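Topology and contacts: notes
Chain residues, written in single-letter form:
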Amino acid sequence: MARSSAANPGREAQSAIYRDGATGRRPKVPTSWAGLERAAQRAMSRDAWAYIAGSSGSETTAANNRRALDAWQIVPRMLRDVSQRDLSIDLFGHRYPAPLLAAPVGVLELAHPDADLGIARAAAALGVPSVLSSQASVPMERVAEAVGDAPRWFQLYWSSNDDLVASFVRRAEASGAQAIVVTLDTHMLGWRPRDLDAAFLPFIHGQGIAQYTSDPVFRELVAVRVASPAPPGPRPRVTPAAIRTLLDMTRNYPGGSLRSPEPRAAVETFLDVFSRSSLTWENLTFLREHTSLPILLKGIQHPDDAALALEHGVDGIIVSNHAGRQIDGAIGSLDALPAIVERVAGRVPVLFDSGVRSGSDALKALALGATAVLVGRAYVYGLAIDGARGAEAVLRNLIAELDLVLGLSGHRSVAELTPASLVRRR
């Protein structure tokens, strides 16, 4: 995979677009957030758009993410030599060319058939890590085969079955993952009116469960369910929608057929084992016993939880509110970042997630102490528009804008950014 090594990625990206414009070619993937959203919505089905773009409740947490980012303003400094800039970072013994990661996003097949392969290839082309989701549409082994030694992490949803948790972690290590990200805030689904009004949950259609249906522990659980079926309940109504759901289940189960009970049993098993609301800090010991990889906790919003994470030996923290998809009326993620950075005091890396739409947003999080930022919806919109090329275009544009804003604000490297680079709006 080709990797971005430009000394000035912002200028090079701009120049490429303007040169193409001289021959009548405009970007297929819009560079503005509003344009990106509009194009992505046109490219997706109504159900897919609701699932990917929606947030919890009245979506005030998503709005709070935006307000938190907009509350900080960049203070440019002048007459500094910023002709050469360095976006690279060191993280867990690896050097990455930019402080950007492709966040874990589930059910990417809703956006485009390229799905997880698309974003993995996009991130690999730029040398930045993609974080493979537990709710993937493509098994991690297929992604590893497609992108070779490109950097990637694995995001773990902690199942109610510890054997399945251990199996996922073993597979992630064998597939070349460089870190394990435990998402903490989705031990039950938030109240998401867009999905509820559409009565649409992709997992019931067998979508987004490829990590499970490719797992030997999970398939054994499915076999046990098939061998010991529950007593028959009321027969479901035979409707066109029910038939489509059954066809979806069958198509999404490896080797499934309409006469086979496994596809439906797999969906039912997934719904049984997906999450664990009884998880506590003590469970982290189990994970440490099963991996030597760095462990990061994603979903931390309170400095006391950051302190507890340090006490329990985690290697990194991701300040995130799941982009507003879980709790309505919660704190904006950037509002939570400074106190957590202060409490951690450099003992482990603190990463930032939720609401990043631009290079300026990323710079603000970095200036407030984040080592790197994760981007989710933005690349998914690019994926919907033009597959892997679209996802790559979005990530490339974010890196380019970050590079330009870094230089225009008077900084030569990410390491030079501090809270003094910003001022809070009064």
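Residues numbered from 1 in each chain as written. Predicted model: local features only at pLDDT ≥ 70, side-chain atom pairs only at ≥ 80, totals over all residues. Heavy atoms only, no water.

**Notes on the overall build of the protein chain**
The secondary structure content of the protein chain amounts to 17 helices and 12 strands. The C-alpha atoms of the protein chain give 22 Å as radius of gyration, which agrees with the globular expectation for 426 residues (22 Å, within 12%). Along the longest, intermediate and shortest principal axes, the C-alpha atoms of the protein chain span 75 × 55 × 40 Å. Looking at the protein chain as a whole, 55% of its 426 residues are labelled buried. In the structure as shown, the protein chain presents an accessible area of about 19,100 Å², 53% of it carried by carbon and sulfur atoms. Of the charged side chains in the protein chain, 45 are positive and 43 negative; the average position of the first set lies 7 Å away from that of the second. (Helix = DSSP H or I, 4+ residues; strand = E, 2+ residues; numbered from the N terminus. Rg over C-alpha atoms; globule rule 2.2 N^0.38 Å. Buried < 20%, exposed > 50% of the residue type's maximum accessible area, 1.4 Å probe, protein only. Areas by Shrake-Rupley, 256 points an atom, 1.4 Å probe, with all protein chains shown as cover. Lys, Arg positive; Asp, Glu negative; His and termini not counted. Charge placed at Lys NZ, Arg CZ, Asp CG, Glu CD.)

**Description of a nonpolar patch on the surface**
Among the surface-exposed residues, Ile 243, Leu 246, Leu 247 and Leu 258 lie close enough to one another that they form a single nonpolar patch of about 350 Å² accessible area. Positionally, Ile 243 belongs in helix 11 (residues 240-252). (Patch = residues over 30% accessible without salt bridge, like charges linked within 9 Å, V, L, I, M, F, W, Y side chains within 5 Å. Salt bridge = Lys/Arg side-chain N within 4 Å of Asp/Glu carboxyl O.)

**Overview of unusual backbone geometry**
Glycine aside, a negative phi is what most residues show, and trans is what most peptide bonds show. Its identity as a non-glycine residue notwithstanding, Leu 79 has a phi of 55°, on the positive side. Looking at the element boundaries, Leu 79 is found in the loop between strand 1 (72-74) and strand 2 (89-91). Of note in the backbone geometry, Ala 115 takes a positive phi value of approximately 45° without being a glycine. Residue placement: Ala 115 occurs in helix 5 (residues 115-126).

**Considerations on the confidence of the model for the protein chain**
On average, residues of the protein chain score 95 in pLDDT, and 98% of them reach the 70 mark or higher. When the criterion is pLDDT under 50, residues 1-5 qualifies, and its contacts beyond four places in sequence or with other chains add up to 18 contacts. (pLDDT = per-residue confidence, 0-100. Contact = heavy atoms within 4.5 Å.)

**Details of the packing of aromatic side chains**
On inspection of all chains with the given rule, the structure shows 12 aromatic pairs. Look at Trp 158 and Phe 286: their rings are 6.2 Å apart centre to centre, the planes differ by 50°, and that puts the pair in the tilted class. Placement of Trp 158 in the loop between strand 6 (152-156) and helix 7 (162-174) and of Phe 286 in helix 13 (residues 284-290) is noted, with a sequence separation of 128 residues between them. Centre to centre, the rings of Tyr 212 and Phe 218 are 5.6 Å apart; their planes meet at 70°, and the pair counts as edge-to-face. For the pair Tyr 212 and Phe 218, a shared accessibility class is recorded, and that class is buried. Taken together, the ring pairs connect Phe 154, Tyr 157, Phe 168, Phe 203, Tyr 212, Phe 218, Phe 270 and Phe 274 into an aromatic cluster. Over the ring of Tyr 51 we find Arg 325, and its NZ or CZ is 4.9 Å from the ring centre. (Phe/Tyr/Trp six-rings, centres within 6.5 Å; stacked < 30°, edge-to-face > 60°. Lys NZ or Arg CZ within 6 Å of the ring centre and 35° of its normal.)

**Here's the deal with helix 14 (residues 303-311)**
Among the residues of helix 14, Pro 303, Ala 306, Ala 307, Ala 309 and Leu 310 are the ones counted as buried. Mapping the buried residues of helix 14 onto a view down its axis gives an arc of 155°, with all of them on the same face. Positioned one or two residues after helix 14, Gly 313 has a phi angle of 75°, which is positive. (Arc of directions from axis to C-beta.)

**What to know about the packing of helix 1 (residues 9-22) against helix 17 (residues 377-408)**
Close contact between helix 1 and helix 17 brings their axes to 7 Å; oriented N to C, the two are set at 125°. Between helix 1 and helix 17, the interaxial angle falls into the category oblique. Crossing handedness for the pair helix 1 and helix 17: left-handed. Residues Pro 9, Gly 10, Arg 11, Ala 13 and Gln 14 of helix 1 form the contact with helix 17, whose participating residues are Ile 399, Ala 400, Asp 403 and Leu 404. A per-class count over the contact of helix 1 with helix 17 returns 5 nonpolar, 2 polar and 2 charged. (Axes fitted to C-alpha atoms, helices over the stretch in contact; angles between N-to-C directions. Parallel < 35°, antiparallel > 145°, perpendicular 65-115°, else oblique. Left-handed = near helix turned anticlockwise from the far one by under 90°. Nonpolar A, V, L, I, M, F, W, Y, C, P; charged D, E, K, R; others polar.)

**Describing the packing of helix 16 (residues 359-367) against helix 17**
A pair of packed helices can be characterised by two numbers: the angle between their axes and the separation between those axes. Viewed as axis vectors pointing N to C, helix 16 and helix 17 meet at an angle of 60°, and their least axial separation amounts to 7 Å. Relative to helix 17, the element helix 16 lies oblique. Pair helix 16 / helix 17 crosses with right-handed handedness. Contact with helix 16, carried on its side by Gly 359, Ser 360, Ala 362, Leu 363 and Leu 366, involves Leu 398, Glu 401, Leu 402, Val 405 and Leu 406 of helix 17 and no other residues of that element.

**Some points on the side chain of Asn 65**
You can see Asn 65 is positioned in helix 4 (residues 60-70). At 2.8 Å, the side chain of Asn 65 and the backbone nitrogen of Ser 333 are in polar contact. What Asn 65 contacts, discounting residues up to four positions off in sequence, is Asn 321, Ala 323, Gly 324, Ile 331, Gly 332, Ser 333, Ser 354 and Gly 355. (Polar contact = N/O pair within 3.5 Å; in protein donor to acceptor, adjacent residues only side chain to side chain.)

**Notes on helix 6 (residues 140-147)**
Residue pairs spaced three or four apart in an α-helix point in one direction, given the helix's 3.6 residues per turn. When we look at burial in helix 6, the residues that qualify are Met 140, Val 143, Ala 144 and Val 147. Buried residues of helix 6 fall within an arc of 100° about the axis and therefore sit on the same side. Just downstream of helix 6 lies Gly 148, where phi reads positive at about 60°.

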